[in-house]
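The chain contents come next:
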Amino acid sequence: ILEKWYGDEKFRDKNIQDLMKQFKILGVKTLTPILCIGKKTRELFCCEPKFKLKKVEFVNHSNSYRMPGAKRKFVSDVKKVGRKISKTF
């Protein structure tokens, strides 16, 4: 997907437009907190000037946790970011 995202401008623009429509329906504003799963996903949101998002958080992708208790660590990280986001309301 990343290769297509970076290499196919029409693909990228269509997906950005679709997501912007969904954001409008959901009432997403510049200061609406957004939680991304994975660093690359966060980069895509933060680097896209059309989104104008100021509060993009992320947790590592669940597949990146390669240790005993990986599921527990992933859930713990999601909760940690959730608490951080909830303090902004």
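See the structure shown above.
The following paragraphs examine the structure supplied in this document.

A few points about the overall build of the protein
The helix and strand inventory of the protein stands at 4 helices and 2 strands. Counted from the first residue to the last, the protein has its helices and strands arranged as α-α-β-α-β-α. Projecting the C-alpha coordinates of the protein onto the three principal axes gives extents of approximately 40 × 35 × 20 Å. Within the protein, residue pairs in contact and separated by at least 24 positions form 37% of the contacts whose partners lie at least 6 positions apart. When the accessible area of the protein is evaluated, it comes to approximately 7,000 Å², of which 57% is carbon and sulfur surface. Here the protein contributes 23 positively and 9 negatively charged side chains, and the mean placements of these two sets differ by 10 Å.

Observations concerning the packing of aromatic side chains
Scanning the model with the defined rule gives 4 aromatic pairs in all. Taking 5.7 Å as the distance between ring centres and 55° as the angle between the ring planes, the aromatic pair formed by Phe23 and Phe51 counts as tilted. Note that Phe23 is positioned in helix α2 (residues 9-26) and Phe51 in the loop between α3 (39-47) and β2 (56-59), a separation of 28 residues in sequence. Judged by relative accessible area, which is 10%, Phe51 ranks as buried. An angle of 75° between the planes, with centres 5.7 Å apart, marks the rings of Tyr65 and Phe74 as edge-to-face.

Re the nonpolar core
In this structure, Trp5, Ile16, Phe23, Val28, Ile34, Cys36, Leu44, Phe45, Phe51, Leu53 and Val56 together form the largest nonpolar core, which totals 11 residues. Those residues in contact with Trp5 that sit more than four places away from it in its chain are Phe11, Arg12, Asn15, Ile16 and Leu44. Grouped together as the second largest cluster of nonpolar side chains are 6 residues, Val59, Tyr65, Phe74 and Ile85 included.

Notes on unusual backbone geometry
Phi angles above zero are rare outside glycine, and Lys52 is one such case at about 55°. The topology assignment puts Lys52 in the loop between α3 and β2.

Details of the pattern of salt bridges
All told, the structure shown has 6 salt bridges when counted by the stated rule. One salt bridge connects Lys84 with Glu57, and the closest N-O pair in it is separated by 3.3 Å. Of the two residues, Lys84 sits in helix α4 (residues 70-86) while Glu57 sits in strand β2, which places them 27 residues apart along the sequence. A relative accessible area of 48% means that Lys84 is categorised as partly exposed. Among the salt bridges present, the one from Lys73 reaches Asp77, with a minimum N-O distance of 2.9 Å. Of the two residues, Lys73 and Asp77 both sit in helix α4, 4 residues apart, roughly one turn of that helix. For Lys73, a relative accessible area of 35% translates into the label partly exposed.

Parameters and conventions
- The residue numbering used here restarts from 1 in each chain and proceeds along that chain's sequence as written.
- Residues qualify for local features only when their pLDDT is at least 70, as the model is predicted, and side-chain atom pairs are given and counted only at 80 or more; totals for whole chains, interfaces and linings, by contrast, use all residues.
- Computation of side-chain values covers all heavy atoms of the structure but excludes hydrogens and water.
- Where helices and strands are cited, they refer to DSSP runs of H or I of at least four residues and of E of at least two residues respectively, numbered from the N terminus.
- Note on definitions: a residue-residue contact is assigned when non-hydrogen atoms from the two residues lie within 4.5 Å.
- Per-residue and other accessible areas were derived by the Shrake-Rupley procedure at a 1.4 Å probe size, with only the shown protein chains allowed to occlude residues.
- Charge assignment in this entry is limited to Lys and Arg as positive and Asp and Glu as negative, and neither His nor the chain termini are counted.
- Charge positions come from single atoms, namely NZ of Lys, CZ of Arg, CG of Asp or CD of Glu.
- Stacked, edge-to-face and tilted are the three classes for Phe, Tyr and Trp ring pairs, Trp counted by its six-membered ring, which pair at centre distances within 6.5 Å; planes under 30 degrees apart are stacked, over 60 edge-to-face, the rest tilted.
- Exposure classes here rest on a 1.4 Å probe applied to the protein chains alone. A residue is buried below 20% of its type maximum, exposed above 50%, and partly exposed in between.
- By nonpolar core is meant a set of buried Ala, Val, Leu, Ile, Met, Phe, Trp, Tyr and Cys residues that side-chain atoms within 4.5 Å join together.
- Salt-bridge detection follows one rule: a side-chain nitrogen of Lys or Arg within 4 Å of a carboxyl oxygen of Asp or Glu.

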